[in-house]
Amino acid sequence: MATWLRPTTLEDALKALAADAANRPDNALDRLVPLAGGTDYFPAVKTRQAWFQPSPRRILDLSAIGDLAGVVQEPGVLRIGALATWTAILDAPLHPAFDGLKQASRQVGGVQIQNRGTVVGNICNASPAADGVPPLLALDAQVELASLAGRRRLPLSQFILGNRRTALQRDELVTAVLVPDPLESEHSIFLKLGARAYLVISIASVAANIALDAKGRILGARIAVGACSAAPQRLALLEQRLLGETLEAAPRTVDASMLAALDPIDDVRATAVYRRDAAATLVRRALAGLAMPQERAA
Amino acid sequence: MTLHHRPDTVEITLTVNGNDHLLTIPPATRLSEVLRDHLGLTGTKVGCDAGDCGACTVSLAGQQVCACLVPAAQADGGQIITVEGLAASQAGQLLQASFAKHGAVQCGICTPGMLMAASDLLARNTAPSRADIMDALGGVLCRCTGYEKIVDAVAAALSPTPSGEDVMQSMTDEGGSLISGVLPHPTACGGHLLPREKEGAIGQRIPKLDGASRIDGSALFGADAAPADALWLRAIRSPHARAQFAFGDLAAWTKATPGITRVFTARDVPGHNSFGVYPDLKDQPVLADGHVRYRGEAILAILGERKAVDAICIDDLPIDWQIEPAAIGIAAGLKADPPLHAFKPDNVLTRGLVECGDVLAAFPTAAFTAEGHYETGFVEHAYIEPEAGYAIRRGDTVQVFACTQAPMMDRDEVARVLGLPVGDVVILASACGGGFGGKLDVSVQPLIALAAWHCPGTPVRCVYNRIESMASTTKRHPSEVFARASCDADGSLLSFEMDADFNTGAYASWWPTVANRVPVHATGPYKVPHVRNRTRAIYTNETPAGAFRGFGIPQAAIAQESLYDTLAEKVGIDRLEFRLINALRVGDRTPTGQVLQASAGLAECLERLKPGWRAMLADAAAFNRSTGHLSRGVGIACMWYGIGNTSMSNPSTMRLTLDASGAITFWNGAVDIGQGSTTVLGQIAADALGAPVHLIRSVVGDTDKTFDAGKTSASRQTFVSGKAAELAGKALRAEILRRTNAGPEASIAFGDSVLKVEDNGRKTALDLGSLPLLADGTVLEGIGTFDPPTTPLDAQGQGVPYATYGFAAQAVSLDVDRDLGTVKVRKIIAAHDVGRSINPMLVEGQIHGGIAQGLGLALMEEFIPGRTENLHDYLIPTFGDMPEIEIILVEAHEPLGPSGAKGIGEPALIPTAPAIFSAIRHAVGVVPRKAPLLPHRLWELMRGSEA
């Protein structure tokens, strides 16, 4: 029998999850599946229905929980609630460090998807090509998880464990993504590579956040690549290497060895060899783009 | 906490278009289903159920959303506006009117989604830029229009610009059309085309006569009309490319599964369990009988209540599979043993040949030669309307309502499957949400007819989902082509040879048509004295390939035009000049030995392209002097296309009647699949009769009431049915003039039960009410039939395969990103000889849409069974992928055609991909040999050329 729960408080939602975790077998069809915008759930259901395969039949609809809505500035962090849509990100007045996230928000599906789909849903779905993840990695975002036992925070890089795998426990919900306040000089960019202009799954994507010191030297750099490994990856070697460089010189510091952590695959969209090379190109262009003031505008 | 006492349903309230509704409904029900099936608002279309196509876009709480992704539970309390409610606001009305006026509607299946996305934009921004429009509407896919006229319509919707001037503006800014020999006139009413012969409908930019029902959501497509008590049918399809299967106890499963009425297997087919386009090649079963030949083949049809058939779990069905090694690809097909079909032991379906001169003797004498291998993949039609319809049996007759391009063929197929005389089957063509060749074959029709036959009086409906549509229906044939060409020292073509293998998949479908079309056209629209073109099709365990806009010629043209670029380079002359030297002209002999008698406008197309071509070349040279990662390239390609079916009778009959009230009815059997034949044929009939076009009411595509117009394919309806419409109009006019003793120049005033006829000052009247009734209740009729004159092709492919040909040349400017292998097509100038442009706005729409599909073929579209069976893995062009398009219409009068007209549907697509490849080669110096040229493939080509 199908179940559709639509609690209005977080506590009710967590109780339902706790009861589910305690009493129900851990298989994809019977466990309670959290749902916000539905933009990943319904397409997945359709694919299964087309071949007469059963779909998850027990849904925890989060959309009526007011506490999860909104993009809110809190002391020291920006809270992106679990119900905040891509459009909510685009509509929010945010520091230039969020320009990359805004650029990504504009490229997730069409406006219809941006109006319904949520940033938190994007990270929970944990697609290797999720366009929200590289900008959030580059923002050093944390994931806030809640259960009846309390709340915990994980760095986003530790929350996404692999292709469609996360650290979310059965009795937990992601309540928000938390982004620490950026440095004043921090700015960012997101570049997406696909085989068409709109409505396209990324072949590769790159997000970069850079902060400069008073002399224009790189004070901090966070660079993440999507669709080139089971989960989007930060490029730690490159980030180290960029410290103290000028932005103008930054693109020249990028070489293949700094992308060695990537592990792309061959699929219908591109080959692994191409992806690795394209990622390097995108990283260079992202750094070059950050050096050009006109490309900073979201 | 809010737990519902009945967990399977929830009570919700919706305000839809201002009306409040209270519904008790399963909470997971998609809002699209709520609107369509619970509230009867079928204007909201379902194209994918996955947020990939945007056809279901509605406004929810003041935001555009995909209704297919909103659960009913979340729509509770929501304010919803659908296309049916758009006209309640003035802005909505203006938007709808603008869509009609600008030709933004073709088949109409995406139109509600486009309108709702546009109204969302205009509510926030009353003066959007073109970029704003593309961003706001970018979530909706259109397969017909190429998007340009949609952008025009939205841009002009709320613009205060006086009527007419915006058309001029768009022509100046965006490249509109210029008719050969006629300059645009700023004061021309409704557009820039001046009527030349007399005041009339022909040549006018008349909005589509059936457009209103597409912009208000009232048009009934295949999934939009079924009796409320209809049962639902779904096909169980093979997940395996090749397998044996056996059923267990289906009766027990049926009995044990609530809501299931009946299951049907191959044993339940009362007539022949086979169908196929050609009478001698009915090789495809309606339901496979113990053996499947491709993934997606139907093995079982299950009838029941909708909820019950949707809840079927494949693992519960008693099916035992024995998977066998599958032949995937042409090479595997050639070796497959046992063969796919016992009657073709070598897996070669049939072959085609055109041979003239002595090709083997000619090559060694040539000054320059070029050769190469080329490859293309499966291409999906991707019409936004998946196949759908319903059937009902009354007594011993079966009526089928479904989307189709060929109602008469459907009738014959269904009758054969049911074992009925053709007169006992009636096909009602629904509004057709795109076809492009993919709805020439039957899909749902035999399945629903079969079930209806066994359940007299019960309507049976079936709606394919997107994945099912893509997995099971026909595709463009993948091709592997080897070709070589030669010319003499001054660039005159001497010889051409092509050997082309095509993958027909598991079944024959339209292959024999492709088999003949390709060798006839494969040399391109040029004089070549020594030719040998050979084709063959190979059976494989893949999706059946069938008809797709161009019937194999787009694949062949990629190879042929590429070789001519090589020859031009070797001779050292401009690529356009090379084509001009060799262009077929009136009086020239084609490779089939046909001497062109008239209407060969390629040379004029090329001459008219020249200024734009030179400007593009100069621009590219200037651009490439600057450094950067982009290289600009310019390319060109030409095409010719035989209008109508190849070397066979393909008549059309049209009928025009007057009833006693003076109403004019046009009985038109030509299915309008969005291209506009209802409008074009109406214009022709109106002018032939001498009546205003708005007085003509059309009855379209009813096999019981309209004569056979033949298939809507082969770019034939304007030429063939247009001529029949002209003859019908003239016949009715002659009948009126005979009864009033008036001469041929007389004018007739229609619109009343008494016709007023004036001939050189002499006035007479004809009282229609006094005339005896004809069998169908009308009083006067005119019938016209036209069958284009052709002759059979002999064993060497010699003969007159077509009465006339369309010609075109397209020039492309694009940028290649040398680091990423991506391509941005910037501009296309398309020069097309259409004989006579009956409705320039619709002709432009065909060219825009054809270019979009050609661009998709070149750069992104690749159907891989089991891998790209949806609209997010299978990519078709979106708003942002289209270049600026400038259209040059050339009118080389065709004496056989109505007012000199030929066809445009397929010609629009054919030159685009080869022209894009020509430009890529010009930009970066590599020769594309495999379509689609995805970014990684171009990148590999460029890397290979460096190594």
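The sections below set out a description of the structure shown in this document. (Residues numbered from 1 in each chain as written. Chains lettered and ligands numbered in written order. Predicted model: local features only at pLDDT ≥ 70, side-chain atom pairs only at ≥ 80, totals over all residues. Heavy atoms only, no water.)

Concerning the pattern of salt bridges
And step 1. Counted according to the given criterion, the structure contains 73 salt bridges over all chains.
And step 2. A salt bridge links R124 of chain B to D120 of chain B; the nearest nitrogen and oxygen atoms lie 2.7 Å apart. Placement of the pair is R124 of chain B and D120 of chain B together in helix 4 (residues 111–124), with a separation of 4 residues, close to one helical turn.
And step 3. Judged by relative accessible area, R124 of chain B falls into the exposed class, the value being 54%.
And step 4. Of the charged contacts, one joins D268 of chain B and R262 of chain B as a salt bridge, the two residues approaching to 3.5 Å between their closest N and O atoms.
And step 5. Given the relative accessible area of 18%, D268 of chain B is considered buried.
And step 6. Exposure remark for R262 of chain B: the relative accessible area of 28% places this residue in the partly exposed category.
And step 7. Overlapping salt bridges bring together D20, D26, R31, R58 and R170 of chain A as one network. (Salt bridge = Lys/Arg side-chain N within 4 Å of Asp/Glu carboxyl O. Helix = DSSP H or I, 4+ residues; strand = E, 2+ residues; numbered from the N terminus. Buried < 20%, exposed > 50% of the residue type's maximum accessible area, 1.4 Å probe, protein only.)

Re helix 23 (residues 912–924) of chain B
And step 1. Its 13 residues give helix 23 of chain B an end-to-end C-alpha distance of 18 Å, which sits within 8% of 18 Å, the value for a rise of 1.5 Å per residue.
And step 2. Within helix 23 of chain B, 12 of the 13 residues are buried, which leaves the element mostly enclosed by the surrounding structure. (Expected span 1.5 Å × (residues − 1).)

Considerations on the interface of chain B and chain A
And step 1. Across the contact, 74 residues belong to chain B and 56 residues belong to chain A.
And step 2. Roughly 5,300 Å² of surface becomes buried between chain B and chain A when both sides are summed, with 63% attributable to carbon and sulfur atoms.
And step 3. In this structure, the connection of chain B to chain A is made through 5 salt bridges.
And step 4. The interface formed by chain B and chain A contains 26 residue pairs in polar contact (both at pLDDT 80 or more).
And step 5. Residue assignment for the side of chain B that touches chain A shows that the elements contributing at least two residues are strand 3 (57–60), strand 4 (63–66), helix 2 (72–75), helix 5 (130–137), strand 7 (231–237), helix 15 (466–472) and helix 24 (935–946) of chain B.
And step 6. If you tally residues by element for the side of chain B that touches chain A, the top one is helix 24 of chain B, at 5 residues. (Contact = heavy atoms within 4.5 Å. Buried area = accessible area lost by both parts, 1.4 Å probe. Polar contact = N/O pair within 3.5 Å; in protein donor to acceptor, adjacent residues only side chain to side chain.)

Some points on the packing of aromatic side chains
Any pair of aromatic rings gets described here by the distance separating the centres and the angle formed by the planes.
All names here are of chain B.
And step 1. Applying the stated criterion to the full structure yields 17 aromatic pairs over all chains.
And step 2. When the ring of F719 is compared with that of F786, the centres are 5.6 Å apart and the planes differ by 90 degrees; the resulting orientation is edge-to-face. Here the residue F719 occupies a position in helix 21 (residues 717–739), and F786 occupies one in strand 29 (residues 780–786), the gap between them amounting to 67 residues. Pair check on accessibility: F719 and F786 agree, each one buried.
And step 3. What links up through ring pairs into an aromatic cluster is the set F496, Y526, Y564 and F578.
And step 4. Across the ring face of Y464, the terminal group of R237 is positioned such that the distance to the ring centre comes to 5.0 Å.
And step 5. The ring of F548 carries the charged tip of R476 above its face, separated from the ring centre by 4.4 Å. (Phe/Tyr/Trp six-rings, centres within 6.5 Å; stacked < 30°, edge-to-face > 60°. Lys NZ or Arg CZ within 6 Å of the ring centre and 35° of its normal.)

By themselves these figures say nothing about function.
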